[in-house]
Amino acid sequence: ISCVLLHALVYSSENKESDVNWLTQLSEGNINEVTLKEFAEKKELKPLSKLPATASLIAWLIISHHRIPNFSTNISKTRSNYLGESASHYTSIFHQIRQNWGYKNHYDEKEYKQRINDCFDFQNGLISDSKKWLRQVKRWAKKLLDCQSLIEKSLTDGTWRLILHHSRLCLMLGDHHYSSKEADKNWQNVVDLYANTDRVTKQFKQKLDEHLVGVAKYALKTTQLLPAFENSPPKAMDIQSLKKASPKKFKWQDKAVAQIRKYKTDSNKKRQGFFAVNMASTGCGKTYANAKVMQALSDDGESLRYVLALGLRMLTLQTGDEYLDRIGLNNDELAILIGSKAVMDLHKQAINTDDGTGFEQAGSESEEFLIDEEIDYDCDIPEEGLATVLTQEKDRKFLYSPVLVCTIDHLMAATETKRGGKYILPCLRLMSSDLVIDEIDDFTGSDLIAIGRLIHLAGMLGRKVMISSATIPPDLAEGYFNAYREGWQLFSKSREACSSIACVWIDEYKTQL
């Protein structure tokens, strides 16, 4: 319905081919509810189709707010219709999306026909009578008008993908935070429309205009915090075990580190991508070598901040123990993301209880927990930055631990989540952490494709990536490098970063960079 209203706003303006007219209307507070309702009642089946550029980007934020458009829940049906079909531009995708791509609650035909008509009734009007909401709309419409040249540039160089990714993340995190709050008792009641319901009492909670203004406030706050968040989270420093020379049998580890340090010294200081492949044989100390290499690759060459992603859930705790014992990380430097509470119970002989509640059924989907698993991490969490908009302590632990050991499915949520906000935390983590994927050859089939998307995202967010296994097929390594390269190109275009990528191949015999 929101996309239909946006479509009505654009098509009721003097020039539907341009963003200037409808944005100018909004910047002047000129909203004709009667006209909007008349256009909306036409029930445009493809409201995302043939919108001008800025309206298209906003439409994507609206339609992907809680879920990604999904042609069908039947994978075979989706492949039959779209496998091999290229979509070189977002407009070709938008032309396909209709209400039955996951936005149609069609369970009973009679009830559906009644409810769909009610959706276009607007008995209580829209919200243009809300002065606080209108003030914000006018302000940001004017700013968006001033950004038209930047939007056109992003459409030309492809960085619109990065802009939409960050925008959606900030919007959903702002929504998640404000939805968790109680309704503002001092909010002036001028519009009898509500945004959500209380999960416990099932009563209406926040007014629609209050909710929209509040979400915008915290989405903006998140946006302002993201640049600093890339580099501000804690790092593990002064790790004595990694400074020591490796035993004679493992001297190859120090040779790899020395070559990487020399390359960093010889190359220009401009930020560039880095993709590493560690193919040392089993028993040669790959896990320890990976930590040494990631330390050498850090900006200062002395610290650690990365995610170690594993394939098997049962190995998470054992690997965490190895990091504590051999590498010498402390509980305030290493977080272990437990696959389930049962696993943690067995490992620590502790008892935990779980409490699950259906957020969507309660009409408060934005309050859904961002992460369900337990995190073994013991350290004070910063009380500034993004920590101020994350309501759960375990969310903050996931983000702020210098080294995070987890199974890769927790990170795959960054690219594979089709519904809800489970992608938010892994995306934020990847914005501030490099990525190591261990035993990459353990994965097969669709998992390998999903890992490719994760590596692409890591590149797009400007991070370094290492894949590690004794046996990595050349085609797999090349495919993942290509995925990383495509992501890094987008990042470099959006920043003052070098488009080139350093690629290092490591095993116990030599290091080639």
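It should be noted that the structure appears before, not after, this text.
So, here's what we can say about the structure. All values derive from a computational prediction rather than experimental measurement.

Things to note about the overall build of the protein chain
What the protein chain contains, in helices and strands, is 21 helices and nine strands. Out of the 513 residues in the protein chain, the part that is buried amounts to 49%. Surface summary for the protein chain: the accessible area is close to 25700 Å², and the carbon and sulfur share equals 50%.

Re helix H3 (residues 33-40)
Of the positions making up H3, those classed as buried are Glu33, Leu36 and Ala40. All buried residues of H3 fall inside an arc of 60° around its axis, so they share one side. Turning to H3, the residues buried within the fold contact helix H1 (2-11). One side-chain oxygen at the N-terminal end of H3 lies 3.1 Å from the backbone nitrogen of valine 34; it belongs to asparagine 32.

A word on the pairing of strand E1 (residues 273-278)
Most of E1 is tucked away, with six of its six residues classed as buried. Burial along E1 is two-sided: Gly273, Phe275 and Val277 and Phe274, Ala276 and Asn278, pointing in opposite directions, are all buried. Note: E1 against strand E8 (residues 501-506), six bridges, orientation parallel. Counterpart to phenylalanine 275 in the pairing with E8 is cysteine 503. Direction of pairing for E1 relative to strand E7 (residues 465-468): parallel, over a ladder of four bridges. Across the sheet, residue alanine 276 finds its bridge partner in E7, namely methionine 466.

Here's the deal with helix H13 (residues 251-266)
Between its first and last C-alpha atoms H13 spans 23 Å; for 16 residues at 1.5 Å apiece the expected length is 22 Å, and the two agree. Listed in full, the buried residues belonging to H13 are Trp252, Gln253, Ala256, Val257 and Ile260. For H13, the buried positions fall inside an angular range of 140° around the axis, keeping them on one side. Away from its buried face by more than 90 degrees, H13 exposes Lys255, Lys262, Thr265 and Asp266. Buried residues belonging to H13 abut E1, helix H14 (286-297), E8 and strand E9 (511-512).

What about the packing of aromatic side chains?
Tallied over the entire structure, the rule returns 13 aromatic pairs. With a centroid separation of 6.0 Å and 80° between ring planes, the pair formed by phenylalanine 229 and tyrosine 400 is classed as edge-to-face. Of this pair, phenylalanine 229 sits in helix H11 (residues 208-229) while tyrosine 400 sits in helix H17 (residues 393-400), and the two are 171 residues apart along the sequence. Side by side, phenylalanine 229 and tyrosine 400 carry an identical accessibility label, which is buried. Centre to centre, the rings of phenylalanine 275 and tyrosine 484 are 5.8 Å apart; their planes meet at 40°, and the pair counts as tilted. Of the two residues, phenylalanine 275 is situated in strand E1 and tyrosine 484 in helix H21 (residues 474-494); the sequence distance between them amounts to 209 residues. Grouping residues by exposure puts phenylalanine 275 and tyrosine 484 together as buried. Every member of this aromatic cluster is reached through a ring pair, and the members are Phe275, Phe481, Tyr484, Trp488 and Phe491. Geometry around tryptophan 187 places lysine 132 over its ring, the cationic atom sitting 4.4 Å from the centre. The side chain of lysine 143 reaches across the aromatic face of tryptophan 140, ending 5.4 Å from its centre.

Some thoughts on unusual backbone geometry
Glycine aside, a negative phi is what most residues show, and trans is what most peptide bonds show. Despite not being glycine, phenylalanine 122 has its phi angle at roughly 55°, a positive value. For phenylalanine 122, a relative accessible area of 14% translates into the label buried. The phi torsion at glutamate 439 lies on the positive side, around 50°, for a residue other than glycine. Along the chain, glutamate 439 turns up in the loop between strand E6 (434-438) and helix H20 (446-460).

So, the side chain of serine 469
Of note, serine 469 is situated in the loop between E7 and H21. For serine 469, a relative accessible area of 1% gives the class buried. Reaching out from serine 469, the side chain makes a polar contact with the side chain of aspartate 441 at a distance of 2.5 Å. Not counting residues within four places of it along the chain, the set of residues in contact with serine 469 comprises Asn278, Met279, Ala280, Lys286, Glu439, Ile440 and Asp441.

Considerations on the pairing of E6
In terms of burial, E6 is largely enclosed, as five of its five residues are buried. Both strand E2 (residues 306-310) and E6 contribute to a ladder of four bridges, which runs parallel. Pairing of leucine 308 across the sheet is with valine 436, part of E6. On the question of chirality, the crossover connecting E6 to the parallel E7 by way of H20 is right-handed.

Details of the pattern of salt bridges
Within this structure, the stated rule accounts for 12 salt bridges. Aspartate 146 serves as the salt-bridge partner of lysine 142, at 3.1 Å between the closest nitrogen and oxygen. Of this pair, lysine 142 and aspartate 146 both sit in helix H8 (residues 131-146), four residues apart, which is roughly one turn of the helix. A relative accessible area of 44% means that lysine 142 is categorised as partly exposed. The exposure class assigned to aspartate 146 is exposed, which follows from its relative accessible area of 52%. Between glutamate 486 and arginine 485 there is a salt bridge, with its nearest N and O atoms 3.9 Å apart.

Thresholds applied
- Residues numbered from 1 in each chain as written.
- Predicted model: local features only at pLDDT ≥ 70, side-chain atom pairs only at ≥ 80, totals over all residues.
- Heavy atoms only, no water.
- Helix = DSSP H or I, 4+ residues; strand = E, 2+ residues; numbered from the N terminus.
- Buried < 20%, exposed > 50% of the residue type's maximum accessible area, 1.4 Å probe, protein only.
- Areas by Shrake-Rupley, 256 points an atom, 1.4 Å probe, with all protein chains shown as cover.
- Arc of directions from axis to C-beta.
- Contact = heavy atoms within 4.5 Å.
- Polar contact = N/O pair within 3.5 Å; in protein donor to acceptor, adjacent residues only side chain to side chain.
- Pairing = 2+ DSSP bridges.
- Expected span 1.5 Å × (residues − 1).
- Phe/Tyr/Trp six-rings, centres within 6.5 Å; stacked < 30°, edge-to-face > 60°.
- Lys NZ or Arg CZ within 6 Å of the ring centre and 35° of its normal.
- Right-handed = clockwise from strand over helix to strand, strands pointing away.
- Salt bridge = Lys/Arg side-chain N within 4 Å of Asp/Glu carboxyl O.

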